[in-house]
Amino acid sequence: MTKALVIGEMLNGELGAATFEGIAAARILDCSNVAVMIAGASIELAAEQAIFAGADQVFTISQGPAADGEFDDLINASYKIAKEIEPEIIIGSKTIIGRDVMPRLAFRLGTILVPDCMSLERDAEQRIIVTRPTYGGNVNARIACVGQPVVISLRPKSIDAMGLDQSRSGAINEIEFTSNIRTRIIEKIEEKSEGISLQDAKTVVAGGRGLGGPEAFDSLQELAGILGGAVGASRAACDAGWVPSSFQVGLTGKTVSPDLYIAIGISGASQHMAGCSNAKTLVAINKDEGANIFKEARFGVKGDWEKVIPAFIEQLHELIN
Amino acid sequence: MTLHIVVTAKQVVDPETPTSAFLIENNKVTTSTSFAPVINGYDEQAVEAALRIKEALGDVVITVLSCGSSFALDVIKKPLAMGADNLILLQDNAFDNLIDPTLVIRALTSAIQKIGDVDLVISGRQASDWDNALVPMGIAELLDWPVATIARKIDVIGNTVKVERVLPDGYEIVETTLPAVITVSNELGSPRYPNMRGIMGARKIQPTIWEINDLGIEYQSTEIAMELISLEKPIKSIETELIQGEDEADAGRKLALRLREERII
């Protein structure tokens, strides 16, 4: 019997996508017993959801610093579970939580995390083989995970979640562990942009260095408004101070997967593409005819955004109203 | 009392290298020699963060620590030109093309212990080649030091470190005590350009070189958790439809019509 431990996550009071994807990954690897850890206030419903989603056992932490999102205790708790159930594989996600928790959990267990996995399978010898991007997406590495246990993190939205089966049942237990917080959260400061959030938007209009300055983002806001979408940006545009860093799409920014992604004045460096390559349709507008973005786009317009966008907006007004 | 900061810095392939210039040979990623290596961008920001602490506190020594099989000296000495005080290179063939960074983490940790009086380790949040974000976490766990990641601002007040940590929609202030490991993100701001005085000063500083035998590491190659099977360039299957018009504005209008036709908008 192969056991998996999924380090699950909550998102806005509900079971997060990371948890569903982690459970699905454990099933892809034919794990016969899947345990899930989740932390957060009032998580009874989420724990049940995890069972329906394919977990056999759920460990909950419903109070204390871990439930508030303190990494140190999430690591302490997951370490204790891992020692107790001795899974063959531990699966997390490369989310804001997983980026901190997964590597440190692995080191504490005497092994090392295999991060950012996009796909996974078993080979003839039953070893776990993962594929992960490197060199900013220019090179994919296939890696045999030979650690004991194997600890991996998934790139968000790389694995499809399974459907819910409400007839499934499993044990839900609150776990006890010794709290030890050494890096403490003092205060959270929200810098939320108005309107639809980037990650939820069905349409994202993103601008980059090619826009030449912050003023251009007014046109992008207008465009996003017409399409009911949100505005994003490349790291270059954020670092230049044209828009806040919360707009950043890419490897070190947000990962979005909208139906439509319109990239304007973005060269398409792989660091950026890592954040938007899940978009169903990618449109590129760029006057640099050799820009890499045209290799990744479904539709492309090679031209100056200052001429293309106003006409595009005008035509959209006619079509949509 | 002097605050001793170690900044870890990695020499990497320039991430601005065009896709077509990446070569895969013998399961190793290389580029043609016309593309010079650089210091990982986040690590330059780690140097910047250390320099800002030095400006704020005064009595600060900054040692830059790098691990690799070979170095371009003019590249790896850049932090000295920016204002760092010392450079230690952990240079050994054993560090060549490691897929599993465990040995690098052990080496850096041993070096930090060998330096002895280190109060703070600052690293870039990840390196632009493998984007692992593992090394600083590994150092923290091996040293059993607290860690704060993805910093955009670091304040050292006595024995306490306050960090503004970047979140998707804002930031949080976290606090820990020295000694600690902190990773920094691009939101910290651009690293400074070396000035002429810095460049001249850096010329006079010779890096200290430690080989793996100088570090007293007990390591067996069986300890690795990752075995490389293959490196491949991803296959792009998308076919791009270029929208053309009488002029650029016409192309913009046609784009809207085409998207409507495909029921995308």
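The model shown is predicted, which means the values in this text are computed figures rather than measured ones.

Participant: Please explain the overall build of chain A as it appears in this structure.
Facilitator: What chain A contains, in helices and strands, is nine helices and 18 strands. A globule of 321 residues ought to have a C-alpha radius of gyration of about 20 Å, and chain A, at 21 Å, matches this closely. Expressed as lengths along the three principal axes of its C-alpha atoms, the size of chain A is roughly 65 × 45 × 40 Å. A total of 321 residues make up chain A; the buried ones form 59% of that total. In chain A, 63% of the contacts between residues at least 6 apart in sequence involve partners at least 24 apart. As displayed, chain A offers around 12700 Å² of accessible surface, 45% of which is attributable to carbon and sulfur atoms.

Participant: Please explain unusual backbone geometry as it appears in this structure.
Facilitator: Most peptide bonds take the trans configuration, and most residues that are not glycine carry a negative phi. Cis geometry marks the peptide bond from Q148(A) to P149(A), where omega comes out at -5°. With respect to the helices, strands and loops of the structure, P149(A) is situated in the loop between strand 10 (139-145) and strand 11 (150-154). You will see that Q126(A), though not glycine, has its phi angle at about 70°, which is positive. Looking at where Q126(A) falls in the secondary structure, it is placed in the loop between strand 8 (119-122) and strand 9 (128-134). In this structure, A133(B) takes a positive phi of about 55° despite not being glycine. Take A133(B): it is sitting in the loop between strand 8 (120-124) and helix 5 (135-143). The class for A133(B) is partly exposed, based on a relative accessible area of 21%.

Participant: Explanation requested: helix 5 of chain B in the structure shown.
Facilitator: An α-helical turn contains 3.6 residues, so any two residues separated by three or four positions project in the same direction. Most of helix 5 of chain B is tucked away: seven of the nine residues are buried. Every buried residue of helix 5 of chain B is listed here: P136(B), M137(B), G138(B), I139(B), A140(B), E141(B) and L143(B). Where the residues of helix 5 of chain B are buried, they touch helix 4 (98-108) of chain A together with strand 1 (3-8), helix 4 (102-115), strand 8, strand 9 (147-157) and strand 12 (180-184) of chain B. Directly after helix 5 of chain B, the chain includes D144(B), whose backbone phi takes a positive value near 60°.

Participant: Looking at this model, I keep getting lost on the environment of Y171(B). Mind explaining?
Facilitator: Looking at the element boundaries, Y171(B) is found in strand 11 (residues 170-177). When its relative accessible area of 13% is taken as the criterion, Y171(B) is described as buried. As a C-alpha pair, Y171(B) and I150(B) span 21 residues in sequence and 9.8 Å in three-dimensional space. If we ignore the near neighbours within four places in the chain, the residues touching Y171(B) are E187(A), K188(A), I189(A), E191(A), R152(B), E164(B), R165(B) and V166(B).

Participant: Would you explain the packing of helix 4 of chain B against helix 5 of chain B in this entry?
Facilitator: The relative placement of two packed helices comes down to the angle between their axes together with the axis-to-axis distance. Residues and elements named next belong to chain B. Relative orientation of the contacting elements helix 4 and helix 5 amounts to 55°, with a least axis distance of 9 Å. Our classification of the angle between helix 4 and helix 5 gives oblique. Both helix 4 and helix 5 take part in a crossing whose hand is right-handed. On helix 5, the residues that touch V104, I105, R106, L108, T109, I112 and Q113 of helix 4 are V135, G138, I139, L142 and L143.

Participant: For this particular structure, what's the right way to read the side chain of D116(A)?
Facilitator: Residue and element names in this part refer to chain A. Within the secondary structure, D116 is located in strand 7 (residues 113-117). Owing to a relative accessible area of 1%, D116 belongs among the buried residues under this scheme. Polar side-chain contacts of D116 include one of 2.9 Å to the side chain of R155. Aside from chain neighbours lying at most four places away, what touches D116 is K94, T131, R132, P133, S153 and R155.

Participant: I keep staring at the pairing of strand 10 (residues 160-167) of chain B and nothing clicks. Help me out?
Facilitator: Residue and element names in this part refer to chain B. Most of strand 10 sits out of view: six of its eight residues are buried. Pairing between strand 9 and strand 10: six bridges, direction antiparallel. Bridge assignment links A151 to a residue of strand 10, and that residue is R165. Where strand 9 folds back onto strand 10 in an antiparallel hairpin, the turn is made up of two residues, including G158, whose phi is positive at roughly 60°. Taken together, the eight bridges between strand 10 and strand 11 define a ladder with antiparallel strand orientation. Residue pairing in the sheet places V163 in a bridge with V174 of strand 11. In this antiparallel pair of consecutive strands, strand 10 and strand 11, the connection spans two residues.

About the cut-offs
Residues numbered from 1 in each chain as written. Chains lettered and ligands numbered in written order. Predicted model: local features only at pLDDT ≥ 70, side-chain atom pairs only at ≥ 80, totals over all residues. Heavy atoms only, no water. Helix = DSSP H or I, 4+ residues; strand = E, 2+ residues; numbered from the N terminus. Rg over C-alpha atoms; globule rule 2.2 N^0.38 Å. Buried < 20%, exposed > 50% of the residue type's maximum accessible area, 1.4 Å probe, protein only. Contact = heavy atoms within 4.5 Å. Areas by Shrake-Rupley, 256 points an atom, 1.4 Å probe, with all protein chains shown as cover. Axes fitted to C-alpha atoms, helices over the stretch in contact; angles between N-to-C directions. Parallel < 35°, antiparallel > 145°, perpendicular 65-115°, else oblique. Left-handed = near helix turned anticlockwise from the far one by under 90°. Polar contact = N/O pair within 3.5 Å; in protein donor to acceptor, adjacent residues only side chain to side chain. Pairing = 2+ DSSP bridges.

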